[in-house]
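# Fold and geometry: a report
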Amino acid sequence: MPIHRRDFLSATAAVAGLTMTGVHAFGAASKKAADLRVAVVGVKGRGREHLRSLGKNAVGLCDVDSDVLERIGQEHQERNGVKAAKFADFREMLEKADIDAVSIATPNHTHCQIAIAAIEAGKDVYCEKPISHDVWEGRQLVAASRKHNRIVQCGTQSRSSKSLMDAVAWVNSGALGKIEYALGTCYKPRPPIGKLDQPLEIPESIDYDLWCGPREKRELYRPQLHYDWHWDFNTGNGDMGNQGIHQMDIARWFLGEDTLSPRVISIGGRLGYDDAGDTPNTQVCYFGYEKAPLIFETRGLPRSKEGQKRWGGSMDRYRGTGVGVIIQCEKGHVLVPNYTEATAYDLKGEQVKHWQGGADHHANWLKAIEANDRSLLNADIQEGHLSSSLCHVGGASHQCGEKVATADIANSIAGMPLLSASFDRMLGHLRANEVDVDGEPVLTQGPWLDIDTQTERFTNNGDAEKYFKCPMRKGHEVPDYDA
């Protein structure tokens, strides 16, 4: 097999990592977990939680916002007694910092770019969910982790929950009979993000070119750069790919599926207000696994129009959960209302079994690095890739869709009771928010997308291909391990 220039450079970077960190280029750990030196990339939001979790292990900080970097660096020093090295550019950090591993909490669209660069520099990686911005990127991250033999964990912390591990094993033992379907719900308040008449003025403290990374460098017409990137398909994946991926991952975990679903469809839209976002705040996705389907419901509006006056205090609930998972089986169901708890009920609604208790997800990662054993990871990057990609293919169906009259949508799915029931509940929710779903078409119905579960490519819709692999800016490309 010929040696490509990229592979030579990757190996060179890994050897450089050997001299800097004491960790063998191909993964032979030489440090105890307590002594591992970790850099956190992206420290404003979720990254602050990484710092709290990692404590004294966090010896490096990286953020494109210099104001955030200074403020959080001081906070970290006061809390944990660590004066961390600070970097604006992750590439400079990987060249200079004496680190063993990297913990990434940047926006979705830069996850794979940074993670793969860290892997190629000989570092182990913890990457927040979703681990990618599109399906193709995620495949490259998994391939990079395997080729360079790195320990790479996805930030789906529910995977470290002993209670959920036990609940999954109990259901898969057949205690409630065959699984009939899994239903994930993400009913979380998402107020409008506003809309500007003139482009947002990016603060001088932010390296906006580096912030954009592989994605298109656009003028923004929303009032806030940070966080609200979630609601822009150029950089985010909507709430199904933000909060919802946790519930998506739990649902797929219970189902025992280790591929993408063979087909998917999305119905929904951004409804109830007008702002600068373009991702759905109301959505139903149906993932057609052969053994049992997975249905995912996203709602960002409150229980009623009145609830929009206060936001957050009056969200919908379904069968005992607002942000959670329901596993329906022949003899009952399991309710998972959070990351550390699950309850089984029989068909009469009587409680059968209850599990409770979580664990430290970062600690699991550090222990796996210490042992140089990927099998110890509770959320190996392959698992993160699959659950992230379910969100991506659901988003692809939405983006390939068009607005269709409500009655026509209902007729087209009439032969699918589970999807029809979710759709009917969604209509009731929208009517309660005074969204006119019975007049001019406002709901986007995506096409059924068929997926080759081995190649993870769409097989029946050429338009969907651009969502399988999004365009990348020159100089910020994610390496192609398929080449």
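Each value, and the rule that gives it
- Residues numbered from 1 in each chain as written.
- Predicted model: local features only at pLDDT ≥ 70, side-chain atom pairs only at ≥ 80, totals over all residues.
- Heavy atoms only, no water.
- Axes fitted to C-alpha atoms, helices over the stretch in contact; angles between N-to-C directions.
- Helix = DSSP H or I, 4+ residues; strand = E, 2+ residues; numbered from the N terminus.
- Parallel < 35°, antiparallel > 145°, perpendicular 65-115°, else oblique.
- Left-handed = near helix turned anticlockwise from the far one by under 90°.
- Contact = heavy atoms within 4.5 Å.
- Nonpolar A, V, L, I, M, F, W, Y, C, P; charged D, E, K, R; others polar.
- Pairing = 2+ DSSP bridges.
- Core = buried A, V, L, I, M, F, W, Y, C linked by side-chain atoms within 4.5 Å.
- Buried < 20%, exposed > 50% of the residue type's maximum accessible area, 1.4 Å probe, protein only.
- Right-handed = clockwise from strand over helix to strand, strands pointing away.
- Phe/Tyr/Trp six-rings, centres within 6.5 Å; stacked < 30°, edge-to-face > 60°.
- Lys NZ or Arg CZ within 6 Å of the ring centre and 35° of its normal.
- Arc of directions from axis to C-beta.
- Polar contact = N/O pair within 3.5 Å; in protein donor to acceptor, adjacent residues only side chain to side chain.
- pLDDT = per-residue confidence, 0-100.
- Salt bridge = Lys/Arg side-chain N within 4 Å of Asp/Glu carboxyl O.

Right, let's get into the packing of helix H2 (residues 46–54) against helix H10 (residues 361–371). Packing of H2 against H10 brings their axes to within 9 Å, and their N-to-C directions diverge by 60°. One finds that H2 runs oblique with respect to H10. The hand of the H2/H10 crossing is right-handed. Residues His50, Ser53 and Leu54 of H2 form the contact with H10, whose own contacting residues are His362, Trp365 and Leu366. Of the residues that constitute the contact of H2 with H10, the class distribution is three nonpolar, three polar and no charged.

One open sheet accounts for six strands, arranged S3-S2-S1-S4-S5-S6; its pairing is parallel. Two strands lie at the open edges of the sheet, namely strand S3 (85–87) and strand S6 (152–154), each paired on one side alone. Across the sheet, the axes of successive neighbouring strands diverge by a mean angle of 20°, strand direction being ignored. Relative to S3, strand S2 (residues 58–62) runs parallel, the two being bridged by three bridges. Bridge assignment links cysteine 62 to a residue of S3, and that residue is phenylalanine 87.

Here the focus is the nonpolar core. If you look at soluble globular proteins, the nonpolar side chains tend to sit buried side by side. Counting 88 residues, the largest nonpolar core has Met93, Phe254, Phe287, Leu294 and Val334 as the members making the most contacts within it. In terms of residues, this core owes the most to one element, helix H9 (residues 244–255), which gives seven residues. When neighbours within four sequence positions are excluded, methionine 93 is seen to be in contact with Ala39, Val41, Cys62, Phe87, Ile99 and Val102. With 23 residues, the next largest nonpolar core counts Tyr286, Leu301, Leu335 and Val435 among its residues.

Here strand S5 (residues 124–127) shows two buried faces, one formed by Asp124 and Tyr126 and the other by Val125 and Cys127. Bridging between strand S4 (residues 101–104) and S5 involves four bridges; their strand directions are parallel. The residue of S5 that forms the bridge with isoleucine 104 is cysteine 127. Remark: the S4/helix H5 (residues 111–120)/S5 crossover connection has right-handed handedness. Pairing of S5 with S6 involves three bridges; the strand directions are parallel.

As judged from the five bridges shared by strand S13 (residues 341–346) and strand S14 (residues 351–356), these two strands associate in the antiparallel manner. Of the residues in S14, the one forming a bridge with alanine 342 is tryptophan 355. The turn linking S13 back onto S14 is made up of four residues, and glycine 349 within it adopts a positive phi angle of 85°.

Scanning the model with the defined rule gives six aromatic pairs in all. Relative to tryptophan 365, the ring of tyrosine 126 lies with its centre 5.7 Å away and its plane at 65°, an arrangement referred to as edge-to-face. Of this pair, tyrosine 126 sits in strand S5 while tryptophan 365 is found in helix H10, placing the two residues 239 residues apart along the sequence. Residue tyrosine 126 shares its accessibility class with tryptophan 365, and that shared class is buried. Sitting above the plane of the tyrosine 318 ring, arginine 425 keeps its charged end 4.0 Å from the centroid. We note lysine 469 situated over the ring of tryptophan 136; from NZ or CZ to the ring centre the distance is 4.1 Å.

This brings us to H2. Burial in H2 covers these residues: Gly47, His50, Leu51 and Leu54. Projected down its long axis, H2 shows its buried positions confined to an angular sector of 100°, all on one face. Its buried side turned inward, H2 meets strand S1 (38–41), S2, helix H3 (66–80), S4, S5 and H10. Glycine 55 sits one or two positions beyond H2 and adopts a positive phi of about 55°.

The next subject is the environment of arginine 215. Mapping arginine 215 onto the fold places it in the loop between helix H8 (208–212) and H9. Spatially, the C-alpha atoms of arginine 215 and cysteine 470 are 8.1 Å apart, while their sequence positions differ by 255 residues. Filtering out sequence-adjacent residues up to four positions away, arginine 215 remains in contact with His109, His133, Asp134, Glu137, Asn234, Cys470, Pro471, Met472 and Arg473. Looking at arginine 215, its side chain comes within polar contact range of the main-chain oxygen of proline 471, at 3.1 Å.

Turning our eyes to something else, we now look at the packing of H5 against helix H6 (residues 135–147). Here H5 crosses H6 at 15°, and the two axes come no closer than 10 Å. By the criterion of interaxial angle, the relationship of H5 to H6 is roughly parallel. Handedness of the crossing formed by H5 with H6: left-handed. Between H5 and H6, the contacting residues are Cys112, Ala115, Ile116 and Ile119 on the first element and Glu137, Gly138, Gln140, Leu141, Ala144 and Ser145 on the second.

Time to look at the confidence of the model for the protein chain. Predicted coordinates in areas of low pLDDT are best not read in detail. Considering every residue of the protein chain, the mean pLDDT works out to 93; 94% of them sit at 70 or more. Contacts from residues 1–29, a stretch scored under 50 in pLDDT, to residues over four places away or in other chains number 51 contacts.

A side chain with one charge may pair with a side chain of the opposite charge, provided their charged atoms come close. What the rule picks out here adds up to 33 salt bridges. Close ionic contact of arginine 473 with aspartate 209 constitutes a salt bridge, the shortest N to O distance being 2.8 Å. One end of the pair, arginine 473, is in the segment after helix H14 (465–468); the other, aspartate 209, is in helix H8, with 264 residues separating them in the sequence. Of the residues examined, arginine 473 reaches a relative accessible area of 17% and is grouped as buried. Exposure remark for aspartate 209: the relative accessible area of 29% places this residue in the partly exposed category. Ionic pairing is found between arginine 299 and aspartate 316, a salt bridge with its closest N-O pair at 2.8 Å. In this pair, arginine 299 sits in strand S10 (residues 294–299) while aspartate 316 sits in the loop between S10 and strand S11 (323–329), placing the two residues 17 residues apart along the sequence. Accessibility classification places arginine 299 together with aspartate 316 in one group, the buried group. Linked through salt bridges whose partners overlap, the residues forming this network are Arg159, Asp249, Arg252 and Glu383.

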